[in-house]
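Remarks on the overall topology
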Amino acid sequence: MILGLDVGGANTKAASSDGSFTKIEYMPLWKEAPLEPFLCRLSAAARPEAVGVVMTGELADSFPDKRSGILFIKRAVERSFSCPVRFWGVSGFEWRDLADLAAANWSASAALISEEVGDGIFADMGSTTTDLIPIKAGPRAAKTDFLRLARGELIYVGLLRTNLAALLGEVEVDGKRVPLSSELFAIAADAHLVLGEISEGEYTVETPDGGGKDRDSAGRRLARTVCADPEEIGSEGVEAIAHQARARQLELLKEGIRRLAEEHALDLVVAAGIGEGLIGEAARSLDLDCLRLSEKYGISVSDLFPAYAVARLLEVELGGR
């Protein structure tokens with residue numbers, strides 16, 4: 001049993017190389033979540049023969065710098081598993097500098113997609129961010145988050161955790177253009193819940209106010225972004241905010257995909273992550289072909305593809321020895 005781990009700032013994800021074992025655990029590292037105890041339980045449950053690891057959690061602001069975060073995650077994993085552990089860097093398993101391990105989860109995914117699908121734009125939308133990785137005779141993305149942000153290969157828009165105030169400058173409610181308050185009153189998950197696009201069970205992150213994950217609670221948070229209660233703007237106003245948040249997410253995805261498709265002359269989008277459906281919608285609106293990884297590997301694997309990818313890559317690595 002080869003296990004893959006993707007240790008993020010908000011979620012830790014695990015998958016076996018055959019896709020039969022998958023797990024996503026909300027593990028906010030900036031709040032000193034108990035990562036090592038969780039990994040120990042995971043080790044006991046999965047009993048892997050080897051573990052492949054990618055990470056993005058080193059960016060959590062509980063760490064003074066990325067190196068400290070990398071060392072924290074690396075030591076937690078190594079202490080939790082008694083089997084061989086291999087860490088994947090931006091250039092593969094044969095890394096030389098700790099900095100190569102920073103935010104390398106997209107690299108594992110793109111490496112596997114390059115082998116099993118071929119050229120295209122790998123688009124992975126998670127709870128917090130979206131990776132847009134051009135693949136043409138191999139991955140062509142920049143090696144750091146800073147450079148990927150600069151090149152449009154990393155978009156800080158996710159299906160759940162994005163602050164609506166960062167997503168929208170203003171909204172139209174009852175014919176009025178209203179600026180959003182620059183507070184953490186509502187997140188993208190609230191919009192998608194109100195629109196019926198996610199269930200309460202799929203609202204897997206903390207709510208901004210610590211309140212419920214039901215539709216009424218989400219509507220209350222959305223109304224608060226314009227300094228109102230739901231009774232002031234009505235259900236139509238609440239839904240209008242939700243629709244505009246979703247539309248802005250779709251617009252950002254389309255802009256990013258269109259630019260990379262033109263720059264690299266690519267006409268296929270390979271969609272993954274919990275936001276796979278929104279990526280597919282963006283691709284279709286651009287008249288691009290779209291392969292949804294849930295159709296190729298299953299929904300549970302698509303939702304945590306970097307963990308599955310690093311497990312698969314490690315399996316190949318070990319099998320070649």
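Residues numbered from 1 in each chain as written. Predicted model: local features only at pLDDT ≥ 70, side-chain atom pairs only at ≥ 80, totals over all residues. Heavy atoms only, no water.

1. So, the pattern of salt bridges
When the charged atoms of two side chains with opposite charge come close together, those side chains can pair. Going through the model one piece at a time under the given rule, you end up with 21 salt bridges. We note a salt bridge from Asp131 to Arg148, for which the minimum N-O separation is 2.8 Å. Of this pair, Asp131 sits in strand E7 (residues 130-135) while Arg148 sits in helix H4 (residues 145-151); the two residues are 17 residues apart in sequence, bridging distant segments of the chain. Comparing Asp131 with Arg148 shows no difference in burial state: the two are buried. Where Arg177 meets Glu170, a salt bridge forms, and the shortest distance between an N and an O atom there is 3.2 Å. On the basis of relative accessibility, which here comes to 46%, the residue Arg177 falls in the partly exposed class. Salt bridges sharing common partners tie together Arg86, Glu94 and Glu317. (Salt bridge = Lys/Arg side-chain N within 4 Å of Asp/Glu carboxyl O. Helix = DSSP H or I, 4+ residues; strand = E, 2+ residues; numbered from the N terminus. Buried < 20%, exposed > 50% of the residue type's maximum accessible area, 1.4 Å probe, protein only.)

2. Structural notes on helix H3 (residues 105-116)
Compared with the 16 Å implied by 1.5 Å per residue over 12 residues, the 17 Å span of H3 between its first and last C-alpha is a close match. Within H3, 9 of the 12 residues are buried, which leaves the element mostly enclosed by the surrounding structure. Looking one or two places after H3, you find Gly118, whose phi comes out positive at around 110°. (Expected span 1.5 Å × (residues − 1).)

3. Here we look at the sheet that holds strand E8 (residues 154-155)
Within a sheet, each strand pairs with its neighbour through backbone hydrogen bonds, oriented either parallel or antiparallel. If you walk across this open sheet you meet the 5 strands as E8-E7-E6-E11-E12, and the pairing is mixed. Across the chains shown, the open sheet's two edge strands, defined by having one partner strand only, are E8 and strand E12 (289-292). Pairing analysis gives 4 bridges linking strand E6 (residues 120-125) to strand E11 (residues 268-272), with the strands arranged parallel. Bridge pairing in E11 places Ala123 opposite Ala271. Taken strand by strand, H3 contacts E6, E7 and E11, and its axis lies near 40° from that of E7. With respect to the sheet, helix H8 (residues 230-264) is in contact with E6, E7, E8 and E11, its orientation differing from that of E7 by roughly 15°. (Pairing = 2+ DSSP bridges. Contact = heavy atoms within 4.5 Å. Axes fitted to C-alpha atoms, helices over the stretch in contact; angles between N-to-C directions.)

The quantities given are spatial measurements derived from coordinates; they are silent on function.
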